[in-house]
Structure formats: C-alpha cells, structure tokens
Amino acid sequence: MTSTTILPSETYIEATRNWLKTVIIGYNICPFAKRELDKGSVRFTVEFSTDIEQCLLSLILECEKLDDKPEIETTLLIYPNAFTEFDDYLDFLGLAEALLVDQDYEGIYQLASFHPDYCFEGASTDDPANYTNRAPYPMLHLLRESSLEQALAHYPDPENIPQRNIALTRELGLTKMKTLLAACYTFNA
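Keep in mind it's a predicted model, so treat the numbers as computed, not measured.

1. Comments concerning the overall build of the chain
At step 1: A tally of regular secondary structure across the chain gives 7 helices and 4 strands.
At step 2: The C-alpha atoms of the chain give a radius of gyration of 16 Å, which matches the 16 Å a tight globule of 189 residues would have.
At step 3: Its C-alpha atoms put the chain at 45 × 40 × 35 Å along the principal axes.
At step 4: For the chain, the residues scored as buried account for 48% of the 189 residues in total.
At step 5: If you take every contact in the chain between residues at least 6 apart in sequence, the share linking residues at least 24 apart comes to 75%.
At step 6: Across the chain, the mean location of the 14 positive side-chain charges is 11 Å away from that of the 30 negative side-chain charges.

2. Here's the deal with the pattern of salt bridges
At step 1: This structure, assessed with the given rule, holds 7 salt bridges.
At step 2: Of the charged contacts, one joins aspartate 38 and lysine 34 as a salt bridge, the two residues approaching to 2.6 Å between their closest N and O atoms. Of this pair, aspartate 38 and lysine 34 both sit in helix α2 (residues 33–39), separated by 4 residues, roughly a single helical turn.
At step 3: The exposed category is assigned to aspartate 38, whose relative accessible area is 55%.
At step 4: Across the pair glutamate 62 and arginine 43 runs a salt bridge, and its minimum N-O distance is 2.7 Å. One end of the pair, glutamate 62, is in helix α3 (residues 52–68); the other, arginine 43, is in strand β1 (residues 42–46), with 19 residues separating them in the sequence.
At step 5: Among the ionic contacts, a cluster of salt bridges with common partners joins Glu10, Glu14 and Arg17.

3. Some thoughts on the pairing of β1
At step 1: Among the 5 residues in β1, 4 count as buried, and that is most of the element.
At step 2: Summarising the sheet, β1 and strand β2 (residues 74–78) pair through 5 bridges and their orientation is parallel. Note on β2: the bridge partner recorded for phenylalanine 44 is leucine 76.
At step 3: Regarding topology, α3 serves as the crossover connection from β1 to the parallel β2, and that connection is right-handed.

4. Considerations on the packing of aromatic side chains
At step 1: A complete count under the given rule lists 12 aromatic pairs for this structure.
At step 2: Their ring planes at 65° and their centres at 5.0 Å tell us that tyrosine 118 and phenylalanine 120 sit as a pair that is edge-to-face.
At step 3: The exposure class assigned to phenylalanine 120 is partly exposed, which follows from its relative accessible area of 31%.
At step 4: Ring geometry for tyrosine 137 and tyrosine 185: centres 5.8 Å apart, planes at 90°, overall edge-to-face. Here tyrosine 137 is found in the loop between β3 (109–114) and β4 (139–144), whereas its partner tyrosine 185 is found in the segment after α7 (174–182), with 48 residues between them in sequence. In this structure, tyrosine 137 and tyrosine 185 share a single accessibility class: buried.
At step 5: Through successive ring pairs, a cluster of aromatic residues spans Tyr12, Phe48, Tyr137 and Tyr185.
At step 6: One cation-aromatic arrangement involves arginine 134 over tyrosine 131; the distance from NZ or CZ to the ring centre is 4.7 Å.

5. A word on the sheet that holds β2
At step 1: Within the open sheet, the 4 strands sit side by side as β1-β2-β4-β3. Their pairing is mixed. Only two strands of the sheet have a single partner each, and these edge strands are β1 and β3. Adjacent strand axes in the sheet meet at a mean angle of 20°, parallel and antiparallel pairs treated alike.
At step 2: Pairing between β3 and β4: 6 bridges, direction antiparallel. Bridged to serine 113 within β4 is leucine 140.
At step 3: In the packing of helix α4 (residues 86–102) onto the sheet, contacts are made with β3 and β4, and the angle to β3 comes to roughly 175°.
At step 4: Packed on one face of the sheet, helix α5 (residues 145–153) meets β3 and β4 and runs near 70° to β4.

Scoring rules and cut-offs
Residues numbered from 1 in each chain as written. Predicted model: local features only at pLDDT ≥ 70, side-chain atom pairs only at ≥ 80, totals over all residues. Heavy atoms only, no water. Helix = DSSP H or I, 4+ residues; strand = E, 2+ residues; numbered from the N terminus. Rg over C-alpha atoms; globule rule 2.2 N^0.38 Å. Buried < 20%, exposed > 50% of the residue type's maximum accessible area, 1.4 Å probe, protein only. Contact = heavy atoms within 4.5 Å. Lys, Arg positive; Asp, Glu negative; His and termini not counted. Charge placed at Lys NZ, Arg CZ, Asp CG, Glu CD. Salt bridge = Lys/Arg side-chain N within 4 Å of Asp/Glu carboxyl O. Pairing = 2+ DSSP bridges. Right-handed = clockwise from strand over helix to strand, strands pointing away. Phe/Tyr/Trp six-rings, centres within 6.5 Å; stacked < 30°, edge-to-face > 60°. Lys NZ or Arg CZ within 6 Å of the ring centre and 35° of its normal. Axes fitted to C-alpha atoms, helices over the stretch in contact; angles between N-to-C directions.

Following this line, the structure appears as structure tokens:
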C-alpha cells in the first residue's frame, strides 16, 4: 500500500511497527528483532521526499545518527511517498549501497531492503516467500555489521534462516501473508 497523501510520521511508523511486531517478530522472520524492539534500540524514521538526492541524504544522516548514538542498534528508514514501483526501488537500493561504499560506511552498516511489492529475482510475484521482504512501505533497514556478525555467531544454524522463512511463508500461504501485511495499516489512505 502506498500513499500520495502525506500523513503524520507516526502513522507510517505505527504501520511499520505493527508489521515488525506481527510479521517479523510474530513469525520469527528475524530472530534478532524482538530483543532490539524490547530494548527500545530500533529507530523508526520517515523521509517524505520523493527526490532521490534527498532520500540518499536521509540515509547518510541516519548513518551519522547511528555513529553518534551507539544505543540505537538499527534504523528503519521509511519512504512512504517514493519508490512506489519496485523496479524504481531496486534502482534506488543500488544507489544507496554505492553511496555507503563512497562514504566509507562499507563494513560498518549494511542495508536490508523491504518494499510492499518485493519480489525475489526469479520468483513469481505471488510467491508467499516474497513476504519475507514485503513491508507496508518502501524502506531501508540499516544494520550495524559488527552487531549482525556477533548475533549470527551466537545463533545456531544462521545460514538456515532464509530457507526456514521461505518454507514458513509458503506454508502460511499467499492469502495469509496478504492478510497479515494488510492488517498492519492503522488507517485507510
């Protein structure tokens, strides 16, 4: 679901928080998310601009925020009005990854990508496995690489997480995954 109307930031954050709680944590898509949400170390921020340069600037500002605030473990940077087309989002993701390298953030922060129409390469659009990366809005998830490496080192069989998630979402089925995502919205836009 995308919106052309600008609503208060908290509206987009609440839908994202609902998604994080009910889908990502509720179905253990990310086994590390609950701990960070419970600790209050997940930052949610909204960039309303549709201008690519401004959207990239907001990414770098979030990196700087993480640099300055070690108590923030991770940021979900929400772009509710930009990149409504998945191909445009993928183009933006490529620019964002290149920018992290250019700004010497490679190896410090890593991006995870989420979009309402996320579709893995080679997958059909109606494959429930796409819902492991489908979210209420286009967003970038900034992760501290050092924290990610540490969490994975202490998690049994971390390389199996993606396969487990694919099997789980396919078992739940397309209708259930669509319903879960739709239920995250706290308004009708």
